[in-house]
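# Architecture at a glance
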Number of protein chains: 2
Amino acid sequence: MSQSKGFARERELVNLLHDADFQVTRTPKSGGATQRPLPDVLASNGEVIYAFEAKASKNDRVYLSAKQLEELVYFSRGFGALARIAIRFDYENWYFFHPGNLRMTDGGNYRISKERAIAKGKSFNEIIEHNVQ
Amino acid sequence: MSQSKGFARERELVNLLHDADFQVTRTPKSGGATQRPLPDVLASNGEVIYAFEAKASKNDRVYLSAKQLEELVYFSRGFGALARIAIRFDYENWYFFHPGNLRMTDGGNYRISKERAIAKGKSFNEIIEHNVQ
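Residues numbered from 1 in each chain as written. Chains lettered and ligands numbered in written order. Predicted model: local features only at pLDDT ≥ 70, side-chain atom pairs only at ≥ 80, totals over all residues. Heavy atoms only, no water.

### Concerning the overall build of chain A
From N to C terminus, chain A includes four helices and seven strands. Secondary structure of chain A in N-to-C order comes out as α-β-β-β-β-α-β-β-β-α-α. In chain A, which comprises 133 residues, the share counted as buried stands at 47%. Intrachain contacts of chain A at a sequence separation of at least 6 include 56% that bridge at least 24 residues. Roughly 7100 Å² of accessible area belongs to chain A as shown, and the carbon and sulfur atoms make up 44% of that amount. (Helix = DSSP H or I, 4+ residues; strand = E, 2+ residues; numbered from the N terminus. Buried < 20%, exposed > 50% of the residue type's maximum accessible area, 1.4 Å probe, protein only. Contact = heavy atoms within 4.5 Å. Areas by Shrake-Rupley, 256 points an atom, 1.4 Å probe, with all protein chains shown as cover.)

Structure below.
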């Protein structure tokens, strides 16, 4: 997927969160070598803080490296945020995964299929209602 | 002050916070018209969350518009962060002010002199020890 498409998807997520009365910051990815790892989107409504790594695809799976996941978890622990992978396939809703619910591939990275996202992911409403673990 | 100088000062604050074991995000100012108001720097150590508006000057005062202050307070309330104005004069340390401790000018905006910053501002150590109100 093109970078601009990924960026547009992120904006979509930011708008959903704003509409649900979250305050949201979005991390620039152009920070270069000195930039410490940051989540794509950080959001809080004063009760719950989420750090999202956002993944979008027009195909039927998304990939996440072990390093990306570790960095998301590291930041979230330090910040006091809940880490979630936000996944968006074309023509589907957003689905959300706790880092502990991802399956590792033989190569040590992570892959989430569209089928699994729809079957096992939390919906945006579940996320904002905080009925998540 | 030039924009690059202001950016370098902000980076200084970010580094201080990192060294004090905070996780920190910094907001790009190039978001354009669709960008909602965000603090310059957002930091949390999992116990306390700060939203900073950073002001630096090589002269002896800094200015903050009423709008900037309102936006900082609005974001911070929604996010659940403590709003602080972070002020840095050349050759001085950082000083921090609660929005309620700023003096309004006749024009309805805010001005903080170097003298007042040094006399009344909280130090960085006071901020990170959370001995602040």
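### Observations concerning the sheet that holds strand E1 (residues 23–26) of chain A
Residues and elements named next belong to chain A. Strand order across the open sheet formed by five strands is E1-E2-E3-E5-E6, with mixed pairing between neighbours. One side of each edge strand has no neighbouring strand; the edge strands of this open sheet are E1 and strand E6 (94–97). The sheet shows a mean angle of 30° between the axes of neighbouring strands, direction not considered. Sheet topology note: the E1/strand E2 (residues 41–44) ladder contains four bridges and is antiparallel. Counterpart to Val-24 in the pairing with E2 is Ala-43. The strands touched by helix H2 (residues 66–79) are E2, strand E3 (49–57) and strand E5 (82–89); relative to E3, the strand with the most contacts, the crossing angle is about 160°. (Pairing = 2+ DSSP bridges. Axes fitted to C-alpha atoms, helices over the stretch in contact; angles between N-to-C directions.)

### Remarks on the packing of aromatic side chains
All names here are of chain A. One pass over the full model with this rule turns up 11 aromatic pairs over all chains. Judged by centre distance (5.3 Å) and plane angle (15°), the ring pair of Phe-75 and Phe-79 falls under stacked. Of the two residues, Phe-75 and Phe-79 both sit in helix H2, four residues apart, roughly one turn of that helix. By the burial criterion, Phe-75 is buried, and Phe-79 matches it. Feature note: the residues Tyr-50, Phe-52, Trp-94, Phe-96 and Phe-124 constitute an aromatic cluster, connected by ring pairs. Across from the ring centre of Phe-7, 3.9 Å away, lies the NZ or CZ of Arg-26, which sits over that ring. (Phe/Tyr/Trp six-rings, centres within 6.5 Å; stacked < 30°, edge-to-face > 60°. Lys NZ or Arg CZ within 6 Å of the ring centre and 35° of its normal.)

### Some remarks on the interface of chain B and chain A
Residue-level contacts link 20 residues of chain B with 20 residues of chain A. Summing both partners gives a buried area of about 1700 Å² for chain B against chain A, and 63% of it is carried by carbon and sulfur. It is Gln23(B), Arg36(B) and Phe79(B) in chain B that bury the most area against chain A; as a group they hold 36% of the surface buried on that side. Put simply, chain B and chain A have zero salt bridges between them. (Buried area = accessible area lost by both parts, 1.4 Å probe. Salt bridge = Lys/Arg side-chain N within 4 Å of Asp/Glu carboxyl O.)

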